[in-house]
Amino acid sequence: MKNAWLIRPVPHGKNRVTEFREKGIIAVGWPCIGNLKGKSREDLKLILSKSPYTLTGLALGNAYATIDIFVNQMEVGDLLLMPNGEDIYLGEVTSDYYLDSNVDTDDEGYSHQRSAKWLVNISRQDLSMDLRLSLKVHRTTANLSHHADEIRALCKGEKLVTTNDFIEVKYPLRPDFEVSFKIPKDINSDEAQRLSSYFASLYFIK
């Protein structure tokens, strides 16, 4: 079973949806740190903690987790979901990771690439509420494999029929830890506020 991944078209803070579609690629930012092929999570963490980025804390954790997904975890044949406003582009990974030295500059900033085949363009409204909620994660890449069946169906112009009356929500709390919980599909504003207050009370270390 192939995995499915969220990929945002904003490497190095610039929207590259046109380049992604026209060139048949996906990419992440953090240019000018060399070819990352074969680099482990710990290697990536060390690289990003040094110049030119000198990242620390949460910024460092999010950065090396994102690059690790792109460089080490994605595989040829995996599914892709790329949101751009209300547009959703679905495709699949068609190559291993490589470095495009032509755009490995601070100005261009999308040198860490993979080839991709874009299959269909749909609306965000075509996604299930469960999948739409999963897109709220504020990362360049994220694992959507728990939605692989739905994404695969959408790639074929179909919709996955489900009779579940709940939504399973996954949120990457830390680079190495994901929170998972279920909420009713018809959750209302008052219930959502109470749930938010409950989560806000769950801390043990100040």
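See the structure above.
Residues numbered from 1 in each chain as written. Predicted model: local features only at pLDDT ≥ 70, side-chain atom pairs only at ≥ 80, totals over all residues. Heavy atoms only, no water.

K.L.:
Mind showing me how you'd approach the overall build of the chain here?
P.N.:
Scanning the chain for helices and strands turns up six helices and nine strands. Against the compact-globule benchmark of 17 Å for 206 residues, the chain has a radius of gyration of 18 Å, which places it among compact chains. Of all 206 residues assigned to the chain, the portion counted as buried reaches 41%. Taking all contacts inside the chain whose residues are at least 6 apart in sequence as the whole, residues at least 24 apart take part in 60%. Split by element, the accessible area of the chain, about 11,500 Å² in all, is 50% carbon and sulfur. (Helix = DSSP H or I, 4+ residues; strand = E, 2+ residues; numbered from the N terminus. Rg over C-alpha atoms; globule rule 2.2 N^0.38 Å. Buried < 20%, exposed > 50% of the residue type's maximum accessible area, 1.4 Å probe, protein only. Contact = heavy atoms within 4.5 Å. Areas by Shrake-Rupley, 256 points an atom, 1.4 Å probe, with all protein chains shown as cover.)

K.L.:
Help me out: how do you make sense of the packing of aromatic side chains in this one?
P.N.:
Any aromatic ring pair is given by two values, namely how distant the centres are and how the planes are angled relative to each other. Per the counting criterion, the structure on display carries zero aromatic pairs. The ring of F70 is capped by R114, whose NZ or CZ atom sits 5.9 Å from the centre of that ring. (Phe/Tyr/Trp six-rings, centres within 6.5 Å; stacked < 30°, edge-to-face > 60°. Lys NZ or Arg CZ within 6 Å of the ring centre and 35° of its normal.)

K.L.:
It is not clear to me how the nonpolar core should be interpreted in this structure. Could you clarify?
P.N.:
Nonpolar side chains tend to gather and get buried jointly when the protein is soluble and globular. Counting 32 residues, the largest nonpolar core has I7, I26, W30, L48, L80 and W118 as its most contacted members. Only β1 (4–7), α1 (17–23), β2 (25–28), α2 (41–49), α3 (57–73), β3 (79–84), β4 (87–93) and β6 (112–123) provide two or more residues apiece to this core. Of all the elements, α3 adds the most residues to this core, at seven residues. Not counting residues up to four positions away in its chain, the partners in contact with I26 are I7, F20, F70, M74, L80, V93, H112, Q113, R114, A116 and W118. Among the nonpolar cores identified, the runner-up in size contains 17 residues, and L127, A148, I151 and C155 belong to it. (Core = buried A, V, L, I, M, F, W, Y, C linked by side-chain atoms within 4.5 Å.)

K.L.:
Please explain the pairing of β3 as it appears in this structure.
P.N.:
The two faces of a sheet get side chains in turn, since along a regular strand they alternate between them. Burial analysis of β3 places five of its six residues in the buried class, the great majority of the element. Judged from the six bridges that link them, β3 and β4 form a sheet pairing that is antiparallel. Counterpart to M82 in the pairing with β4 is Y89. The antiparallel pairing of β3 with β4 creates a hairpin that spans two residues between the two strands, and G85 there sits at a positive phi of about 65°. (Pairing = 2+ DSSP bridges.)

K.L.:
What is the right way to look at the pattern of salt bridges in this model?
P.N.:
Where charged atoms from two side chains of opposite charge come close, those side chains can pair. Within this structure, the stated rule accounts for seven salt bridges. For R16, the salt bridge identified is with E19, shortest N-O distance 3.1 Å. D68 serves as the salt-bridge partner of R41, at 3.3 Å between the closest nitrogen and oxygen. With R41 in helix α2 and D68 in helix α3, this residue pair connects regions lying 27 residues apart in the sequence. A single salt-bridge network, built from bridges that share partners, covers R16, E19 and E108. (Salt bridge = Lys/Arg side-chain N within 4 Å of Asp/Glu carboxyl O.)

K.L.:
Could you clarify how one ought to interpret the side chain of R16 in this entry?
P.N.:
Tracing the chain through its elements places R16 in the loop between β1 and α1. A relative accessible area of 9% means that R16 is categorised as buried. Within the local environment of R16, its side chain forms a polar contact with the backbone oxygen of E108, the two atoms lying 2.9 Å apart. (Polar contact = N/O pair within 3.5 Å; in protein donor to acceptor, adjacent residues only side chain to side chain.)

K.L.:
Whenever I open this one, the environment of E191 confuses me. Can you help?
P.N.:
Residue position: E191 is located in helix α6 (residues 189–200). Taking the C-alpha atoms as reference points, E191 and I47, separated by 144 residues in sequence, lie 43 Å from one another.

K.L.:
Got a minute to help me understand helix α5 (residues 148–155) in this structure?
P.N.:
An α-helix turns once every 3.6 residues. As a result, residues three or four positions apart point the same way. Most of α5 is tucked away: six of the eight residues are buried. All of the buried residues in α5 are A148, E150, I151, A153, L154 and C155. Tucked inside the fold, the buried residues of α5 contact β1, β3, β4, β6 and α4 (129–134). Within two residues after α5, G157 carries a phi angle of roughly 80°, on the positive side.

K.L.:
For this particular structure, what's the right way to read a nonpolar patch on the surface?
P.N.:
Judged by side-chain polarity, Y171, L173 and F177 come together as a nonpolar surface patch covering roughly 320 Å² of accessible area. Note that L173 resides in strand β8 (residues 166–174). Judged by relative accessible area, which is 46%, L173 ranks as partly exposed. (Patch = residues over 30% accessible without salt bridge, like charges linked within 9 Å, V, L, I, M, F, W, Y side chains within 5 Å.)

K.L.:
What should I look at first to understand unusual backbone geometry in this one?
P.N.:
Residue P52 is bonded to the preceding S51 through a cis peptide linkage, with omega at 10°. Within the element layout of this structure, P52 appears in the loop between α2 and α3. Positive phi, close to 60°, is recorded for W30, a residue that is not glycine. Locating W30 in the fold gives a position in the loop between β2 and α2.

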